[in-house]
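# Geometric and topological summary
Read off the chains here:
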Amino acid sequence: MSEVFTTAVMVAVVASAIRLAVPLLLAALGETFGQRSGVLNLGVDGIMLLGAFSGYYAVLKTDNVWLGLLAGAIVGLVLGLASAVIAVTLKAEQGISGIGVYLFGLGMSDLLFQKLVGTPIPIDQFPGVDIPILSDIPYIGEMFFQHSLVIYLAFLSIPVATFVINRTTFGMKIRAVGEYPDAADTLGVSVAGVRYATEIIGGTLAGIAGAVLAITLGIFQQNLTNGAGFIAIALVYFGAWRPTGIMLGALLFGFVNALVLELKTLEIIPRDLSNLASMAPAIITILALVFVARRFRAPSALTKPFTRGK
Amino acid sequence: MSIHLSHQQRRILAYSIPVLAVFAALLFGAIMLVLLGANPFEGYSEMFIGAFGSGNALIATILKATPLLFVGTGIVIAFRANVINIGAEGQMVLGGLFATMAALYLPEMPSFIMVPVILIAGLAGGALWGWIPGALKAYYRVNEILSTIMLNIVAVQLMSYLLRGPLIDPAEIERGTRIPQTERLMESADLPLLFGSDRFHIGPVLAVLVAIATYYLLWRTPLGYRLRAVGLSEHAARYAGIPVRRTIALALTMSGALAGLAGAVLVFGSESHRMVTDGSTMGFTGSAGFNGIVAALLGGLHPIWTIPASFLFGGLIVGGQALQRAVQVPSALIVALNGLVVVFVVAADRYRVRLLSTDGRAQEVEDDGKMPLDEEDSALGAVYDAAPMGTDSYGQDESGDDPP
């Protein structure tokens, strides 16, 4: 075993863990806004898939990765708006309607891919940006400071999200609507308005997460996310509805995924057992849920549609 | 609701709402067909003929409806107890695997023993996969939506592992094709065929019997009373001395068991008589684990009405495949359409409940007691508080709701 866990391998695993964590991180961060305001969006995976396809398609046509991100964001925004209509205005049971959005995204992204592209053509990936000086540090540089701009920005969004949720008026409204919608309504806060805003933020971030995934891999295929959106939802619980906790969760998942991938490539895990290794994230999530449920509490209005004066 | 409607009119309208929602989704689908350059009228008439237009079509529809009815009936049990079961996909997989392993590893026995054995194995597999999230919810307060989704992921990986490894057909290894499927399972475990047909097996009959039995269970037995009482108000149920936690765990276990039965029927009623996967859950279940939820909602969360609802939904799926072949669009369209139907039916469901309440407004009774277990409650309690009244309007006599 010792010759396998060389420094070079571990450095590569950590660097790849950070890259794999980012789509999960962005989608989970978006979901956090929604859940803190009392809306569970189970359709994240579907939104990510459509975001991934539009990002892929935009880059394929324009050769500009930033336009790809923009396309993912716009598609995500529209689907976030649609999710808000379903959950907030129509007051649908959120545990089920999201599955519908997921199936729609799964089918639609595949349909569009087959109709508009057909064969998987590789696209441009994000250019790497080495941070001066820091990227020259042996090992550390390669692990943390030789990534693309999107990766740095994604990690920067963590303190921003923490600040927005905890220190701004908008954040206070989100928390109020998620915990005590009746009280917030009495004080003149538009419960529906805040939830529309958080769902749109969540959808946009999920769309971007999908586009980041597609552009990082440089490819699109049917069910590209392979359930990443559902893992992202679980990460929100894992991180106990706090951006910092979510980041740690995303990094842990990125690490587990990167390690499993690396062990498969090096054939430490026999091919026959690779399916069993792929169970790891889901099983870790279930165990983490047990732990989180003992120590933390979900926003009290989560999944409960708001009706004034009931 | 400013227009005054009689109780009768409201009932009829409430009934048609889920059906209208399906039509709304199909209208959306028509727009997609136009964008794909296909003729929606041609597409939908092919769809109708493909689903209901001939004896063969009807058999295909009924067979497609069978897993939906098993799953849907299980969903009714869970939802009546205010538990959301998104895990039927995984529970079907486990049921299929348990039943398959029973047929592979048990000695050959006569059909009248073997068929019940594989069905019970399916029940057990599904029950196990339902019990885990049930117990986690009841005793550790783990949100069942998340745990069931995670268990779906675990189940599909387990299926891929087993069908590629220990359970693979030896012939696949010899040929080197390595298609993840078992050998043809023992003939005495084949589901008996009915009416001299070459594919109409006992599964649909079994599913209907299970739905009727579930109706009796929910409205005529003490256990059913406990399940519904917990669903209406955990707080009140606890004060009435009902073991709430055990009941919640049991609701998900029973729900999972019926999904597991669906998985067993899927394997042993299939024409190849093998368990096959394409590496995804849908490859085995055909999304019946999700669509069963929609069938249950279409049926107003009532086991008897879930029977025609499953038939309709089965027709939608079989017809969808005919549509896709006729107008030559990728099959991904059917997955997307399926998603739209889920969204529209679920979104419309609240209006159905509202119409069924006596004064035309949704009766949203909020639990005033906040017990520790209530913290991660779903909105189902609020949405379906009016549902038992709906049950009456579906033609069941009042006594059905009385505690036995």
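Rules behind the numbers
Residues numbered from 1 in each chain as written. Chains lettered and ligands numbered in written order. Predicted model: local features only at pLDDT ≥ 70, side-chain atom pairs only at ≥ 80, totals over all residues. Helix = DSSP H or I, 4+ residues; strand = E, 2+ residues; numbered from the N terminus. Buried ≥ 20, exposed ≤ 12 C-beta atoms within 10 Å, placed from the backbone. Contact = placed C-beta atoms within 7 Å. Rg over C-alpha atoms; globule rule 2.2 N^0.38 Å. Nonpolar A, V, L, I, M, F, W, Y, C, P; charged D, E, K, R; others polar. Axes fitted to C-alpha atoms, helices over the stretch in contact; angles between N-to-C directions. Parallel < 35°, antiparallel > 145°, perpendicular 65-115°, else oblique. pLDDT = per-residue confidence, 0-100. Core = buried A, V, L, I, M, F, W, Y, C linked by C-beta atoms within 7 Å. Left-handed = near helix turned anticlockwise from the far one by under 90°. Expected span 1.5 Å × (residues − 1).

Of regular secondary structure, chain B possesses 17 helices and zero strands. Taking all 404 residues of chain B together, the buried fraction comes to 57%. Within chain B, contacts between residues at least 6 apart in sequence are counted, and of these 78% link residues at least 24 apart.

Broken down by element type, chain A carries 13 helices and zero strands. For chain A, the C-alpha radius of gyration of 20 Å lies close to 19 Å, the compact-globule estimate for 310 residues. Over its C-alpha atoms, taken along the principal directions, chain A stretches across nearly 65 × 45 × 45 Å. Counting across all 310 residues of chain A, residues that qualify as buried make up 53%. Look at the contacts in chain A between residues 6 or more apart in sequence, and 79% of them connect residues 24 or more apart.

This brings us to the interface of chain B and chain A. Counting residues at the interface gives 46 residues for chain B and 45 residues for chain A. Listed by contribution, the elements that provide at least two residues to the side of chain B that touches chain A are helix 5 (111-140), helix 6 (144-164), helix 13 (288-298), helix 15 (332-356) and helix 16 (380-383) of chain B. In terms of residue class, the side of chain B that touches chain A is built from 30 nonpolar, eight polar and eight charged.

All names here are of chain B. A positive phi angle is found at Asn 82, which is not glycine, with a value near 60°. Mapped onto the elements of the fold, Asn 82 is located in the loop between helix 3 (55-80) and helix 4 (88-105). Of the residues examined, Asn 82 has 24 C-beta atoms within 10 Å and is grouped as buried. Positive phi, normally seen in glycine, also occurs at Arg 141, with a value near 55°. Looking at the element boundaries, Arg 141 is found in the loop between helix 5 and helix 6. The class for Arg 141 is partly exposed, based on 19 C-beta atoms found within 10 Å.

Take the packing of helix 1 (residues 7-36) of chain A against helix 9 (residues 191-217) of chain A next. Residue and element names in this part refer to chain A. The contact between helix 1 and helix 9 brings their axes to 7 Å, and the two run at 170°. Comparing their axes, helix 9 and helix 1 come out roughly antiparallel. Within the contact between the two elements, helix 1 uses Arg 19, Val 22, Pro 23, Leu 26, Ala 27, Leu 29, Gly 30, Glu 31, Phe 33 and Gly 34 and helix 9 uses Thr 198, Glu 199, Ile 201, Gly 202, Thr 204, Leu 205, Ala 206, Ile 208, Ala 209, Val 212, Leu 213 and Thr 216. When its residues are assigned to classes, the contact of helix 1 with helix 9 shows 13 nonpolar, six polar and three charged.

Attention now goes to the confidence of the model for chain B. All names here are of chain B. In the predicted model, chain B carries a mean pLDDT of 78, and 85% of its residues have values of at least 70. Per-residue pLDDT, averaged within each element of chain B, yields its smallest value for helix 17 (residues 387-393) (35) and its largest for helix 11 (residues 244-268) (92). Low pLDDT, under 50, characterises residues 359-404; the stretch is placed with 85 contacts to residues that sit more than four places away or in other chains. This prediction of the complex comes with two scores: 0.83 for pTM and 0.85 for ipTM.

Here the focus is the nonpolar core. Counting 235 residues, the largest nonpolar core has Leu 24, Leu 25 and Leu 235 of chain A as its most contacted members. It is helix 15 of chain B that provides the largest number of residues to this core, a total of 18 residues. Once residues lying within four places of it in the same chain are set aside, the contact partners of Leu 235 of chain A are Leu 24, Ala 28, Ile 246, Gly 249, Ala 250 and Phe 253 of chain A.

It is the contact of helix 10 (residues 228-238) of chain A with helix 6 of chain B, at a shortest axis distance of 10 Å, that shows an interaxial angle of 140°. Here helix 10 of chain A is positioned oblique relative to helix 6 of chain B, judged by the angle of their axes. The element helix 10 of chain A and its partner helix 6 of chain B pack so that their crossing is left-handed. Every residue of helix 6 of chain B that contacts helix 10 of chain A at Phe 230, Ile 233, Ala 234 and Tyr 237 of chain A is listed here: Leu 146, Ile 149 and Met 150 of chain B.

One full turn of an α-helix is made of 3.6 residues, so residues set three or four places apart face in the same direction. Residue and element names in this part refer to chain B. The end-to-end C-alpha distance of helix 14 (residues 303-327), which contains 25 residues, comes to 36 Å, matching closely the 36 Å that a straight helix rising 1.5 Å per residue would cover. Counting buried positions along helix 14 yields 19 of 25 residues, so the element is predominantly enclosed. One or two residues past the end of helix 14 sits Gln 328, with phi positive at roughly 55°.

All names here are of chain B. Structurally, Ile 59 is set in helix 3. You can call Ile 59 partly exposed: it has 17 C-beta atoms within 10 Å. C-alpha of Ile 59 to C-alpha of Val 71: the two residues are twelve residues apart in sequence and 19 Å apart in space.

Residues and elements named next belong to chain B. The buried fraction of helix 13 is high, at eleven of eleven residues. Here helix 13 has its buried residues at Ala 288, Gly 289, Phe 290, Asn 291, Gly 292, Ile 293, Val 294, Ala 295, Ala 296, Leu 297 and Leu 298. At the C-terminal side of helix 13, Gly 300 shows a positive phi close to 60°.

Assignment of secondary structure puts Asn 275 of chain A in helix 12 (residues 274-277). Filtering out sequence-adjacent residues up to four positions away, Asn 275 of chain A remains in contact with Gln 157, Ser 160, Tyr 161 and Arg 164 of chain B.

Residues and elements named next belong to chain B. Residue placement: His 235 occurs in helix 10 (residues 234-239). Under the C-beta neighbour-count criterion, His 235 is labelled partly exposed, with 17 such atoms within 10 Å. Each C-alpha atom of the pair His 235 and Ile 120 lies 35 Å from the other, and the pair is 115 residues apart in sequence.

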